[in-house]
Structures are given as structure tokens and as C-alpha cells.
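Residues per chain, in single letters:
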Amino acid sequence: MTTAKRDTYTPETLLSVAVQVFNERGYDGTSMEHLSRAAGISKSSIYHHVAGKEELLRRAVSRALDGLFRILDEEHARVGRAVERLEYVVRRMVEVLTAELPYVTLLLRVRGNTDTERWALERRREFDHQVAELLKAAAADGDVRGDVEVRLATRLVFGMINSIVEWYRPDGPESGDQLANEVLAMALEGLSAT
């Protein structure tokens, strides 16, 4: 990794560097020394912006989680038939993942070793549960196959979406919108009751 040479850092630019280092080295494998070298600033300069690396982790995973939870507050996620809301949420999940790729990647890699990681995992479970409820409602409406167990179907859909962080590149041939269309076709057409 090349060292960034900057005279000044903002909390946002520092967060961006921290996320990159966390994703490369793992959160547990990253020290404040690693962060200061990557940012091209002293450790004391980092402490001017944050209390420590766990605060950087919390800010990063909060950014990803806030993006996901905002989806559930959007009108198309709250109004209409359950299957239409589910389709909307799945599409928007892919869009958030591709737009916030480094942050969502970090979120998906937390393992529960710190208070922040445990908090993030709990929030992810809460989000997953709300999406599972949409799938359950779509099945109850007869729009989604009833012979597939809801928790399994939810895990498979999330597994497909979450795996995108391993291979998607913003400068690659697939756009976020194109990718969302493909995920919807693969996941929800396979679950369709018709």
C-alpha cells in the first residue's frame, strides 16, 4: 500500500484511509502505526480526530448500516405488496453495497471481537430479520414459493448479495444497476410462486 502524503486530514478522509487499511489487514491486524503510515500523518494527528481505531471502526460500519437501514425507511420499502417491497429492498441493497463497497465490505468482515463489532453484528441481524419478515409476508400473500423455508431463502439471498464484495469492482464491466437486475432475476425469480 502506498502512503498518502497529505498536509491536512478531515475525519472523512481519515475514515476512508482507515477502511482501506482495515480491509487489507483486517481490523485486529491493524495498529495505529499502520493507520498513521497509510495516512502519512502522525498518530497524534489521528488522535486529534478520533479516540482510537475502534471509533474509526464504529464510524465505518455505521456508514454501511445507516445506508442499509435507510432503505427500509424509503417509501417503496414501506408501501405496496410485500413482494414489490422485497424486490425494491433487494435492489437497493445491491445499490448501497456497490456505492459504499469498502464500508459494506468491512461490515461483512466483522467477527464480534470488540464491543463495536458485536454491536454491528446485532444491527446486521436486525436488518436481516426485517428483510426476512418481508419475504415471509410475500410468501403469505402467495407471491413467493411457500415450499422454501423463509430463513433459508433469506440466508441464500443475503449470501448472494454479500458475496458481491469479494469480486465486484466499480471500474468493472457491470454497473450497480445492471448487477441489481441480475440479482433480482436470479434470487426472486427462483423464489417466485408463479
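Values in this document were obtained by computation on a predicted structure and should not be read as measured data.

Points about the pattern of salt bridges
Then, number 1: Counted according to the given criterion, the structure contains twelve salt bridges.
Then, number 2: Residue E33 is joined to R37 by a salt bridge in which the shortest nitrogen-to-oxygen separation is 3.6 Å. One end of the pair, E33, and the other, R37, are both in helix α2 (residues 32-39), four residues apart, so they sit about a helical turn from each other.
Then, number 3: Overall, the relative accessible area of 34% leaves E33 in the partly exposed class.

A few points about the packing of aromatic side chains
Then, number 1: Per the stated rule, a full pass over the model turns up three aromatic pairs.
Then, number 2: Between F22 and Y27, the ring centres sit 5.1 Å apart and the planes meet at 70°, which makes this aromatic pair edge-to-face.
Then, number 3: We classify F22 as buried; its relative accessible area is 2%.
Then, number 4: Seen from their ring centres, F69 and F127 are 5.6 Å apart, and the 75° between their planes marks the pair as edge-to-face. Of this pair, F69 sits in helix α4 (residues 53-73) while F127 is found in helix α8 (residues 115-140), placing the two residues 58 residues apart along the sequence. The two residues F69 and F127 agree in class, both being buried.
Then, number 5: Among the aromatic residues, those joined into a ring-pair cluster are F69, F127 and F158.
Then, number 6: For the cation-ring pair, R123 lies above F69, with the distance from its terminal atom to the ring centre recorded as 3.9 Å.

Quick notes on the rules
- Residues numbered from 1 in each chain as written.
- Predicted model: local features only at pLDDT ≥ 70, side-chain atom pairs only at ≥ 80, totals over all residues.
- Heavy atoms only, no water.
- Salt bridge = Lys/Arg side-chain N within 4 Å of Asp/Glu carboxyl O.
- Helix = DSSP H or I, 4+ residues; strand = E, 2+ residues; numbered from the N terminus.
- Buried < 20%, exposed > 50% of the residue type's maximum accessible area, 1.4 Å probe, protein only.
- Phe/Tyr/Trp six-rings, centres within 6.5 Å; stacked < 30°, edge-to-face > 60°.
- Lys NZ or Arg CZ within 6 Å of the ring centre and 35° of its normal.

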